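Structural features, examined
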Amino acid sequence: MKDANSPHTAHEHQRDSFGSSFGVLVALAGSAVGLGNLWRFPYLVGENGGAAFILIYLGFVLLIGLPILISEFIIGRRSQAAARGAFRKLAPDGRWHVAGSLAVLCCTLILSFYSVVGGWGIEYLIKAFRFDFSSGNTPGMATMFSDFATSTTGPLICHTVFLGVTGLIVIMGVKNGIEKFSKVMMPLLFVIMIGLAVRSLTLPGAKEGIDYLFRPDWSKVTSGTFLAALGQAFFSLSLGSGMVITYGSYVKKKENIVKIGTETAVADTLFALIAGCAIMPAVFAFGISPGEGPGLVFTTLPYIFSQLPAGGVVAILFFLALLLAALTSSISVLEVIVAFTIEEFHLKRKGAVALCLGVIWVLGALCSLSLGVLGDFKVFGKNIFDLFDFASANVLMLIGGLLVVLFVGWKLGRSVIHDELTNSGGLKIPVWLLDTILFLIRFLAPAAIAVIAIFQWI
Ligand code: TRP
């Protein structure tokens, strides 16, 4: 019988949460590891001269990315609320909740084009199964890709399937959907990527690729290298978009924020390096220039698969990995928007997912069509796809990241940070470490964000 005095009425049902520390880690790492690692990182390394870029990137992840990640974690876990509600709960007086709304907007834009690229992944996995890359040259592969991406029906179907699968996982909830899926897929992804890296590293001529990745050539470094590295650190760690706030809100008080945050950053970086090892040695072994740009994954690699002994199997594994990585990220982006919708509009999870999917399907369809039939429609000289990409990755994520560190560093302040990082004194974290983190959150991270923002927008 239902007790009328039960603390959990229909409205205040218990919030979902992660079941274990490992679950939190794989979910966070699952969000961070995505197209950013398998597609964006390798081509940026290629365009920016290899090892020197990687070293700068590592420095930025540690000194700037990690403090922002920790700040978002503090906001989420302390408030136990979704992106907008989190700011409202911790600072009911100000207008800080606008930062939460911007994060939700940012995720809406990200998911719209991310789902289109995820859809391309589905098409390429099917192509791999059909051995469509069994013969070909680079121009042929480039035509194959642009023919597909600019067409109407195929990409829309793939976008629908990708978004549908993302929605199915999120409907099942945090513990039974997101956590369970990530727990199985992340280890699988890791194994596949290691396998691909071994295949690539054992090719004749692989050594040049290894040198490229690990022997820095500082003469290639320009101010653009620093900007690209910092932007990539933001994108790859999914910062400034409410993801860590939302996942952090499903984390229990006993977890160690500094430890899980560091492990997430290490896992994300490790995946990027493994992806580099899977791609660059093969690129060099086949005498291709590493600076091929964004087409690297969908045109250069299929060409390599066509030439490689047993390339058909390698192609299947690569696009399977790409798809898994994209899915564990897309579920996190959708969860930010769904958690917000549940909380703000008092909807059930199912209804919230349906509503969000409807909106994102339409926006994503516009992104996809903007590469083909809607190509002439431009805003600020960009088609819708590029506009969403730019507005989220280059504008909203930066503003979001800046607001987060200012909020935690200056509004919440030192005692709250200490309290959260030590779990109210339960964890022994050395004072010098706490003070270093505080310094990075208060000064270095905001300054670095301001610098990239100024360079990007001017
Ligand atoms: N980090 C993801 C990747 O590397 C992409 C991403 C960017 C993201 N911003 C996000 C994921 C916000 C979740 C939330 O592919």
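Refer to the structure above for everything that follows.
First, a word on what this report is: a plain description of the structure on this page.

Conventions we followed
- Residues numbered from 1 in each chain as written.
- Predicted model: local features only at pLDDT ≥ 70, side-chain atom pairs only at ≥ 80, totals over all residues.
- Heavy atoms only, no water.
- Helix = DSSP H or I, 4+ residues; strand = E, 2+ residues; numbered from the N terminus.
- Near = heavy atom within 4 Å.
- Polar contact = N/O pair within 3.5 Å; in protein donor to acceptor, adjacent residues only side chain to side chain.
- Areas by Shrake-Rupley, 256 points an atom, 1.4 Å probe, with all protein chains shown as cover.
- 1 Å grid on protein atoms, 1.4 Å probe; cavity = no way out; pocket = protein on both sides within 12 Å on 5 of 7 lines; lining within 4 Å.
- Sits in = over half its atoms within 2 Å of the grid points.
- Nonpolar A, V, L, I, M, F, W, Y, C, P; charged D, E, K, R; others polar.
- Phe/Tyr/Trp six-rings, centres within 6.5 Å; stacked < 30°, edge-to-face > 60°.
- Buried < 20%, exposed > 50% of the residue type's maximum accessible area, 1.4 Å probe, protein only.
- Core = buried A, V, L, I, M, F, W, Y, C linked by side-chain atoms within 4.5 Å.
- Contact = heavy atoms within 4.5 Å.
- Patch = residues over 30% accessible without salt bridge, like charges linked within 9 Å, V, L, I, M, F, W, Y side chains within 5 Å.
- Salt bridge = Lys/Arg side-chain N within 4 Å of Asp/Glu carboxyl O.
- Points joined across faces, edges and corners; volume = space filled by probe spheres on them.
- Expected span 1.5 Å × (residues − 1).

Description of unusual backbone geometry
- Of note in this structure, Ser-238 is not a glycine but carries a positive phi near 55°.
- Position of Ser-238 relative to the elements: it lies in the loop between α10 (223-236) and α11 (243-248).
- The backbone of His-346 shows a phi angle near 50°, a positive value even though the residue is not glycine.
- One can find His-346 in the loop between α14 (311-345) and α15 (349-369).

Some words on the site of the ligand
- Near the ligand, the surroundings consist of 16 residues, among which Ala-32, Gly-36, Tyr-114, Phe-235 and Ser-238 are the closest.
- Between the ligand and Ala-32 there is a distance of 2.8 Å, counted from an oxygen atom to a backbone nitrogen or oxygen.
- Contacts to the ligand include Gly-36, whose backbone N or O atom sits 2.8 Å from an oxygen atom.
- Considered on its own, the ligand offers 360 Å² of accessible surface; in the complex 100% of this is hidden by protein.
- Judged by the fraction of its atoms near the pocket grid, the ligand is located in the largest cavity.
- Broken down by element, the shell around the ligand gets its largest block of residues, three residues, from helix α2 (residues 35-47).
- Of the residues in the shell around the ligand, the class split is eight nonpolar, eight polar and no charged.

Some details on the packing of aromatic side chains
- By the definition in use, this model includes 28 aromatic pairs.
- When the centroid spacing of 5.4 Å and the interplanar angle of 80° are considered together, the rings of Phe-18 and Tyr-247 count as edge-to-face. Of this pair, Phe-18 sits in the segment before α1 (21-32) while Tyr-247 sits in helix α11, and the two are 229 residues apart along the sequence.
- You can call Tyr-247 buried: its relative accessible area is 2%.
- Where Phe-133 meets Phe-319, the ring centres are 6.0 Å apart and the plane angle is 40°; that geometry is what we call tilted. Taken together, the residues span a long stretch of sequence, with Phe-133 in the loop between α5 (97-129) and α6 (138-149) and Phe-319 in helix α14 at a distance of 186 residues.
- Judged by relative accessible area, which is 4%, Phe-133 ranks as buried.
- A relative accessible area of 0% means that Phe-319 is categorised as buried.

Overview of the nonpolar core
- Counting residues in hydrophobic clusters, the biggest one holds 165 residues, and the most contacted among them are Met-193 and Phe-319.
- Element by element, the count of residues in this core is highest for α14, at 21 residues.
- Aside from chain neighbours lying at most four places away, what touches Met-193 is Leu-38, Phe-271, Ile-274, Ala-275, Ala-278 and Ala-321.

What about a nonpolar patch on the surface?
- A cluster of nonpolar side chains, namely Leu-62, Leu-63, Trp-410, Phe-439, Phe-443 and Leu-444, defines an oily patch on the protein surface of about 600 Å² accessible area.
- Listing elements by their share of the nonpolar patch, those giving two or more residues are α3 (51-79) and α17 (431-457).
- By residue number, the principal contributor to the nonpolar patch is α17, which donates three residues.
- Checked against the element boundaries, Phe-439 lands in helix α17.

Quick look at the environment of Leu-387
- Its location among the elements puts Leu-387 in helix α16 (residues 384-421).
- A C-alpha to C-alpha distance of 14 Å links Leu-387 and Cys-107, two positions 280 residues apart in sequence.
- Beyond its immediate chain neighbours, meaning those up to four positions away, Leu-387 contacts Val-379, Phe-380 and Lys-382.

Side note on empty space enclosed by the protein
- Taken as a whole, this structure holds three cavities of 30 Å³ or more when the rule is applied.
- Its boundaries defined by the atoms lining it, the largest cavity holds a volume of some 170 Å³.
- Taken together, 17 residues make up the lining of the largest cavity; nearest its centre are Ser-31, Ile-110, Phe-235, Ser-238 and Val-333.
- Listed by contribution, the elements that provide at least two residues to the lining of the largest cavity are α1, α2, α5 and α14.
- Residue composition of the lining of the largest cavity, grouped by class: ten nonpolar, seven polar and no charged.
- Considering only enclosed or pocket space, the second largest cavity measures out at about 120 Å³ in volume.
- Forming the walls of the second largest cavity are 13 residues, and the residues nearest its centre are Ser-200, Ala-278, Ala-282, Phe-305 and Val-314.
- Put simply, the parts of the chain that give the lining of the second largest cavity at least two residues each are α8 (174-201), α12 (257-285), α13 (300-307) and α14.
- Partitioning the lining of the second largest cavity into residue classes produces eleven nonpolar, one polar and one charged.

What to know about α15
- The first and last C-alpha atoms of α15 sit 30 Å apart over 21 residues, in line with the 30 Å expected at 1.5 Å per residue.
- Regarding α15, the residues found buried are Arg-349, Ala-352, Val-353, Cys-356, Leu-357, Ile-360, Gly-364, Ala-365, Cys-367, Ser-368 and Leu-369.
- Packing partners of the buried residues in α15 comprise α5, α6, α7 (153-171), α8, α14 and α16.

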